[in-house]
Structures are given as structure tokens and as C-alpha cells.
Amino acid sequence: MKRQMLDTGWTISRLRGPSTAPTLPNTIPAAVPGNVHLDLMAAQLITDPYLDVNEISQDWIGRSAWRYRLAFDWDGEDAERIDLSCLGLDTAARLELNGTALGETRNMHRSYRFDIGDHLKSGRNELIVDFQSAYEHGEDVRKQLGSAADIPQNYPGPSNLIRKMACNFGWDWGPTVVTSGIWKPIAIESWSKARLGSIRPEITLQGSQGVARLHVEIEWAEKGTDSAALVLSVGGKRAEVRVAQGETHALIECRIDNPRVWWPHGMGGQPLYDLDLQLLGSDGATLDHWKRRVGFRSVRLDTTPDEIGSAFTLVVNDVPVFARGANWIPDDCFLPRVTRERYRERITQARDANMNMLRVWGGGIYETDTFYEECDAAGIMVWQDFLFACATYPEEEPVYSEIEAEAREAITRLMPYASLVIWNGNNENIWGYFDWGWQDVLGNRPWGAGYYLDLLPKLVAEIDPTRPYWAGSPYSGSMEIAPNADEHGCKHIWDVWNEVGYETYRNYIPRFCSEFGWQAPPTFATLAQSVREKDRAPASPGVLHHQKATTGNDKLLMGLEDWFPHPQNFDDWLFVTQLNQARAISYGIDHMRSHRPTCMGTIVWQINDCWPVTSWAAVDGAGRKKPLWYALKHSYAPHLLTIQPRGDGLAAVAVNDATLFWRVPFTAERFDFNGTLLARHHVWRILCDRFENTDIDIPSDVATPGDPSREFLRARLGDAEAWWFFEKDMKLQYPKPRFDIESADTPDGITVTVTAQSLLRDVCLFVDRISPNAEVDDMLINLAPGESRRFKVKGISREAFDDADLSTVLRTANQVAEPQHH
Ligand code: BMA
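This is a predicted model, so every value here is computed, not measured.

Procedures and definitions
Residues numbered from 1 in each chain as written. Predicted model: local features only at pLDDT ≥ 70, side-chain atom pairs only at ≥ 80, totals over all residues. Heavy atoms only, no water. Helix = DSSP H or I, 4+ residues; strand = E, 2+ residues; numbered from the N terminus. 1 Å grid on protein atoms, 1.4 Å probe; cavity = no way out; pocket = protein on both sides within 12 Å on 5 of 7 lines; lining within 4 Å. Points joined across faces, edges and corners; volume = space filled by probe spheres on them. Nonpolar A, V, L, I, M, F, W, Y, C, P; charged D, E, K, R; others polar. Near = heavy atom within 4 Å. Polar contact = N/O pair within 3.5 Å; in protein donor to acceptor, adjacent residues only side chain to side chain. Areas by Shrake-Rupley, 256 points an atom, 1.4 Å probe, with all protein chains shown as cover. Domains from an automatic or database assignment. Contact = heavy atoms within 4.5 Å. Buried area = accessible area lost by both parts, 1.4 Å probe. Salt bridge = Lys/Arg side-chain N within 4 Å of Asp/Glu carboxyl O. Axes fitted to C-alpha atoms, helices over the stretch in contact; angles between N-to-C directions. Left-handed = near helix turned anticlockwise from the far one by under 90°. Core = buried A, V, L, I, M, F, W, Y, C linked by side-chain atoms within 4.5 Å. Buried < 20%, exposed > 50% of the residue type's maximum accessible area, 1.4 Å probe, protein only. Parallel < 35°, antiparallel > 145°, perpendicular 65-115°, else oblique.

> Can you walk me through unusual backbone geometry in this structure?
Working note: non-glycine residues mostly have negative phi, and peptide bonds are mostly trans. Thr91 follows Asp90 through a cis peptide bond whose omega is -5°. Among the secondary structure elements, Thr91 is positioned in the loop between β6 (89–90) and β7 (93–97). Cis rather than trans, the peptide bond between Arg596 and Pro597 has omega equal to 5°. Positionally, Pro597 belongs in the loop between α14 (570–593) and β30 (601–604). Of note in the backbone geometry, Cys390 takes a positive phi value of approximately 55° without being a glycine. Turning to its location among the elements, Cys390 is positioned in the loop between β25 (381–385) and α6 (399–414). The phi torsion at Thr551 lies on the positive side, around 50°, for a residue other than glycine. Among the secondary structure elements, Thr551 is positioned in the loop between α12 (541–545) and α13 (552–558).

> I would appreciate a short explanation of the layout of surface pockets in the present structure.
If a probe as big as a water molecule is rolled over the atoms, it shows which places are left empty. The computed volume of the largest pocket comes to approximately 1800 Å³. Forming the boundary of the largest pocket are 50 residues, of which Leu87, Ser111, Arg292, Glu409 and Arg413 lie nearest the centre. Per-element accounting of the lining of the largest pocket gives the leading share, seven residues, to strand β19 (residues 286–294). When the residues that make up the lining of the largest pocket are grouped by side-chain class, the tally is 23 nonpolar, ten polar and 17 charged. Its volume calculated, the second largest pocket comes out at about 1300 Å³. Lining the second largest pocket are 47 residues; nearest its centre among them are Ser586, Asp590, Ala722, Trp723 and Asn782. Elements with a minimum of two residues in the lining of the second largest pocket: α14, α15 (627–635), β31 (639–646), β36 (711–717), β37 (720–725), β40 (760–765), β42 (781–783) and β43 (788–794). Classifying every residue of the lining of the second largest pocket by side-chain character gives 19 nonpolar, ten polar and 18 charged.

> In this structure, what is going on with the site of the ligand? I would like to understand it.
In the vicinity of the ligand, the residues found are Trp171, Asp172, Trp173, Trp361, Cys390, Asn427, Glu428, Trp494, Glu515, Trp605 and Trp616. Between Trp171 and the ligand, the recorded distance is 2.9 Å, taken from a side-chain N or O atom to an oxygen atom. Glu515 is positioned with one of its side-chain polar atoms (N or O) 2.8 Å from an oxygen atom of the ligand. In the complex, the protein chains occlude 93% of the 300 Å² of accessible area that the ligand would expose alone. When the residues that make up the shell around the ligand are grouped by side-chain class, the tally is seven nonpolar, one polar and three charged. Of the residues that make up the shell around the ligand, three or more belong to each of domain 1 (2–189) and domain 3 (315–635).

> Quick question: what am I supposed to make of empty space enclosed by the protein here?
One pass over the full model with this rule turns up four cavities of 30 Å³ or more. Here the largest cavity defines a volume of roughly 60 Å³. In terms of lining, the largest cavity is formed by His109, Ser159, Ile162, Arg163, Lys164, Met165, Ala166, Gly362, Gly363, Gly364, Leu387 and Tyr393. Classifying every residue of the lining of the largest cavity by side-chain character gives five nonpolar, five polar and two charged.

> What is the right way to look at the domain arrangement of the protein in this model?
Often, the extent of an interface is quoted as the loss of accessible area upon association of its parts. With domains assigned, the protein is organised as domain 1 (2–189), domain 2 (193–294), domain 3 (315–635), domain 4 (639–727) and domain 5 (739–820). Here the C-alpha centre of domain 3 lies 28 Å away from the C-alpha centre of domain 1. Opposite the 47 residues of domain 1 that make contact, domain 3 presents 57 residues. Between domain 1 and domain 3, roughly 4200 Å² of surface is buried when both sides are summed, and carbon and sulfur atoms account for 63% of that area. A per-residue breakdown of the area domain 1 buries against domain 3 is headed by Tyr50, Arg163 and Trp173, which together make up 21% of the total. For the interface between domain 1 and domain 3, the tally reads four salt bridges. Between domain 1 and domain 3 we count 23 residue pairs in polar contact (both at pLDDT 80 or more) in total.

> Help me understand the packing of helix α4 (residues 340–352) against helix α5 (residues 369–378) in this model?
Helix-helix packing is described using two parameters, namely the angle between the two axes and the distance between the axes. It is the contact of α4 with α5, at a shortest axis distance of 9 Å, that shows an interaxial angle of 35°. As for how α4 packs across α5, the hand of that crossing is right-handed. For the pair α4 and α5, contact is made by Arg340, Tyr343, Arg344, Ile347 and Arg351 and by Thr370, Phe371, Glu373, Glu374, Cys375, Ala377 and Ala378, respectively. Looking at the contact of α4 with α5, its residues break down into six nonpolar, one polar and five charged.

> Help me out: how do you make sense of the nonpolar core in this one?
Most often, soluble globular proteins keep nonpolar side chains buried together rather than apart. The biggest cluster of nonpolar side chains holds 226 residues, and the ones touching the most others in it are Trp10, Leu84 and Leu358. Ranked by the residues each element gives to this core, the list is headed by α14, at twelve residues. The residues contacting Leu358, other than those within four sequence positions of it, are Ala326, Trp328, Ile347, Ala350, Phe371, Cys375, Ile380, Met381, Val382, Trp383 and Ile607. One finds Leu232, Val243, Leu277 and Leu279 within the second-largest nonpolar core, a separate group that totals 28 residues.

> Help me out: how do you make sense of the packing of α14 against α15 in this one?
In contact at an axis separation of 8 Å, α14 and α15 are set at 20° when each is read in the N-to-C sense. Classified by the interaxial angle, the pair formed by α14 and α15 is roughly parallel. Where α14 crosses over α15, the handedness of that crossing is right-handed. Facing Gln578, Gln581, Ala582, Ile585, Ser586, Ile589, Asp590 and Arg593 of α14, the residues of α15 in contact are Pro627, Leu628, Ala631, Leu632 and Ser635. Per-class residue counts for the contact of α14 with α15 are seven nonpolar, four polar and two charged.

Pasting the structure below:
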């Protein structure tokens, strides 16, 4: 097999579309992989769609048809078969080589292969890939489907009719930047005799044996008359099977005794083995090969009925795992920009926030192999949605066959990855069917249940029997039980944020919470880079344009209720809404983790953004960490101590997600805001076993304040500590924040030492306001009077500021809780 990448020399041109389009050159240089937006930006024919309100005037791009063209030389390769291999075309494309049509494609989530041997010439060749506008393609499908297409859909565009990334049409955190393009590599592959077709590796752990069982399809060149052999090697083991001439299926297996086992982050290591599969001709020459890094582990989903309802617990290597995670959306609206470095940075951010799971949400893509490779290496478990989100989907043709083919390919491509632990049918579609009034509109028409309850579980069982499948997020496990029930399956909590305050998290004890979130604007540096300076106000056109949720900015203020007064200026608005986001999510996680093992997972909406925007994300569209990221790091710590209401009083709950028992002294102390100790409770040793919780009563003389507005509780358990304030911030008589601040050079940045002269709550250092790329190691730190804390800041040099600047970017809850200090 010889591969010639077609990755240089392409051009694009606009074929047809709205008259609102600017005049464009006849041909524009194109990057492949890429898309038309990236090329138009690179050629400076459009402004950056992420800036200001530029998005609005660029609607013509998605409504236009585009031609990709490549002239290339071919030297008449001596091979029996020559294929054009396209790993990703977005979306409805027609391909032509030297004037001959090769075929048409209709699905961005599939790959395509065309036999081009008869159409290639030696010398100059011309390859054309014409993309129809996605909207026009949607209209075509709508016409074909008739009334079957006229079914509920929560978001704009035809994303429930065509197989294109749904959020490309706009979402409640994403712009409408409908694009077209060759978004994954395209190449000419020449081969003789035989090649490897699809490969389905079942990689598992059975007892103490690692099993690598590969179902291999062999494709024969037409003139092939030879037999072949497959050779598999992994972990020092080798297996060989003969493939008779014309045989298209083979099974090959290696078993490794006592392999090093792959574990999720925090539970053990992530050893990966090189797996190598060779297809050999009868002369022993390599015809084709395939390589992956694989990890041995077992996974199942425990849904055993219990006195509450039924469990929803992932069990890895026979150990129940509490999933500490976040939802993942495409990291950029323009997918080809997401490089390996960027995936690695984002996945490292997840790991550094003590996460062990990311959920790849169904309105995006089946991620690139790079994503799963990085998750494998980091020990980040992946929950993979099939690509259906917030809509009903027709089950008629031509949609059904596209979905089946797409699912088959996605399952096969992703099954080598150890990190992938569960397949999920859809995002919120079963919930929508039950609770969003869809049934009134649908009548008897199909809406997608046939995919989630029938087709997809069958395909997973057939293709990837080593992994669990769940029909939806949320889903209770039965169409007889409300999909978003607390007692069964996985739940989304969205009334908190949308309607009610975050104290409501405590009303729910879900078995697994696969979505819950709270919005805040991006960091200052990211906002400053995406809106003009005169637009730096909460309700300016620029800032509002970078807020896509219905009444999102109103909800930001609504959510401050009783905690903080409405901010009076832009800087306070940024800080207080970001602080409230961090507080809200910690409140939810601490509560749900304190209810292990009833609840066995919290997947926050969302870790990342695809552009600069006010959203639920912890890391903003430029990769900067919002205060929420630091809150996640604290609330997802393997050793969590949290104070929770229990009965009439308070308990400290120790949550031990570390692999060792936790046996340490416990102290709970009540102080007044001046730092005077008022009451104390000490226990010589508390035992909290590994992967367990222990509730520690706080005696009422310690838990009951004299003056709830001027006192706080502080509990410590070994390396963990928890604070408890008896009132919401607006009722607290915080002292005016007083502190000393000092900085010192280090080899990779500076340290900043903050010494509290008064109680300081939620100390945050917004160093991005001094140097856009500066990053602090921790935030949201409480300091009692007299206490010091040293922060590490990287990406900054002493020349950029003086210590007075530092004190202006230090913010605390004291500053914003009430206008009058005491
Ligand atoms: C759920 C998600 C997303 C959405 C989020 C915030 O609906 O599945 O569709 O972005 O909530 O509203």
C-alpha cells in the first residue's frame, strides 16, 4: 500500500449562492484538511467571524456552493488498484476526476473510498470536489421526506435531517458558521493483491488475561490470485493466520497473561501496548499494516435494581468508579484548527482539574483519533454519544441508511481506544419526547426511538460487544419511567440555572448526573480579544452577541439572587458572575459526591468552548481557565471534605476517591470573622476507606452559630479542608478586605504571596488582566486573618507590572457581597 497525500495545491471557488456575498477572486488558495471559512480568513477575504458581530454578515458562506479543485501530477504507479480515500467531507459533495464523476457523499461523519484506477492519467490530473450548501442539501432531504421531515427540532437549521455536526448551525453557546470543506485528510492509495479493510479489535481483560481479538476484513484487488497471511503482535505475543485467496473475513487473537492494566486517572496507571497487524502476501512481503496503542481493562455498567431504584455505575476492572467529569463540545467551530497540541492542552486541563471522564456530546462529532489517543494516555474515560441532539430525527430513507453506515464506521473506528467506556444513544431526545411537547406535534410519525432503542444497541452488541450501551442522556432505562428520574439511569439538571437558584441542587440525588451547568462570561483577556474596547459592558452589542443562550444575561443576574447584589460596573459583573458560576457548580458537585454511592457520577456542562462566548464552560474559547476550572479542581479532588446539611444539623462528609484508605485527624472549628476561635471539635482519627464516603457529625455546639452573619465553620481532615458560612453572602457582615501582596521571580514566572489582614473569601488573582497569557495555579482560596498563601503564576515577567497592579487584579467575595463594609 502506497499513500500519496493530497494536501497541497488546492483552490476553492464559490459556485453559486446569495447575492449578499462580496466579490471574490475566481480561485482562492485552500488548505486541506480545512474548510472554506479558514481559507477565506487566510486570504483576508472575510474578517474573523469570532470578532465583534462579524458572524452576522457572513451568513452567505454557508448558503453558497463551493468547489475544491486540485491539479496534480501522477506518474503512473504500477499497482492493481488505485483508490481515492477521503476521511472526511463536510457535507454533501460530488467528486469528479478528469471530468468523470466518481460519486456523491452525504455524511460528514463517514469516510469514503473511490476506485479511481480507470480515470487517472499519467501526467496532469484534475480532481474536483463540489460542495452543495448545507441548507440547500437540507431542503433536498426535506422534499424527499415530505411530512416525515416536519418534526420537532430545538435548534435552527436542518441538523436533524442531514448528517452534519449539529452545532455548526448555531447552539446556545455557539455561532452559526455553517461551513463546507475537505475537513479530514484525502489521499491516493495504490495497492496490489490485498489490503486491510475494516478492523474491529475487541481489547479486554478477562480475569488476569489481556485479550486482543481482531475481526479483520480483507479486500482483494480484482486481479488478486494470491493467498495472504495476517500477523498480529502485541505485548510480546504473536499470532499468525492464513487467509485463503478471496477470503474476506479473518479472526486473529493474542492473549497476554497478567498484562499491566489500564486504569482511569487516579486509580492506577495508563500502560499502553503497541499493537501491530500485518497483512502479508504469500511471498512474505507486507501488503498492508495497521497499528494502535491499546490498553487492557474491562468495563461494564451496573444497573442493578436496589431499594432506591436502580444503579448507574460504571465498573472498570471490577471496581465501581465515580465519574468526575465534564461534557466536551467541539473545541473550535472550525474543526481542522484543533491540533494535537490543543487536544492535549484541553485534556490536560481536564486531568489537572482532577477529572476522570469527558462526555463527547451528541451535537458535535465523533472526535478525531487524536482526541481518544490523548484520553487513553491521560486516563480520561470517554462517554461517547451517537450524534443526535435536542431534536427528533426521521427514521425514513435516506436518513436511516446514512445513520446505520455512520454508526457502523464510528463504532469500528473508536473501539480500539481503552478510554472509551460507554456508548450513548442521544442527547436529550428521549427527554424531549416525554417532556417538551413533541408528542403533540409528532402524531404517529417516527422520531428516532428506532435508533436509540433498536438499531444502535444492536450495532454495539454486534460490532463492539465489550462496551455498555445506554439509550440516552438522560434516560431511566425504560420507556415506562420518566427519562429524567432521580432514581434510575442518568439525569440532566437544568431547572437550576434556567429557573431556580443553585440551592435546588440539594433537592436532587441522581444516580448519575450527566449534565448540569451554570453560565459565566469568558476571562477578561478572552473577552478583550473578541469585542472592541468600547463594547466592554455587560449589555453592549459585542458582549451580547457573544452570549447565545435565550435570556442568558438575565439569568446571570437572576442567579445572583441573595448571594450578591447586582454589579454596578463591567469589572464587577465579570467577577461576580464568574464567582457565582464557580460557587454554583461546586455546590452541586460537593452535594452529589457526598451522596456516593447512590450517585456515581457528575458530568458538568461543559469543559470547553468553541469560540469566545459567555457559556457554561470552565475553560473559555481561547483556552483560558475561568474561576470555575479552579472550583472543579477543588470539588473533584480525590480527597474531598465538604460540609453538608444532614438531619437538623451539619455533617462533614469525607469523600475518598483515592486508592488508599484515609485515616487522619479531624477538626471542626467555629470562628468569628475576626479570627477568634469560638468552638472546637476534634477527633483523633477518622477512617474513610478507599472509594468510600464517611459522614462525620459536627456537634451542635460547634455547628450552631452565635451570630450567623459574622461566623464561619472550618473543618480539616488531613490534607482536605472545608468552609461553611451560615448565610448567603448578602447577609454576611464581611470585613473590608485588607491584605499584603508581594511578588518574587521564579524560573518560569513569579510567585505572589497574599497575606490576609482581614478574613478574605474566594481570593482570585486575575493575572490575565496584566499579561493575557499569564496563568495562576489556584483561585477561590479562603484566608483567615493572619494567614498567607503563595500563588504561582506562569507566563508573566516582573517587567510587566508592579505589586500595586497585582492588588488591583486580586478580587474577593468581600468586595462584591455588599456595598457597605464593616
Ligand atoms: C443541554 C445540552 C446542550 C446545551 C446545554 C445548555 O441541552 O445538551 O444542548 O447546550 O444543555 O443549555
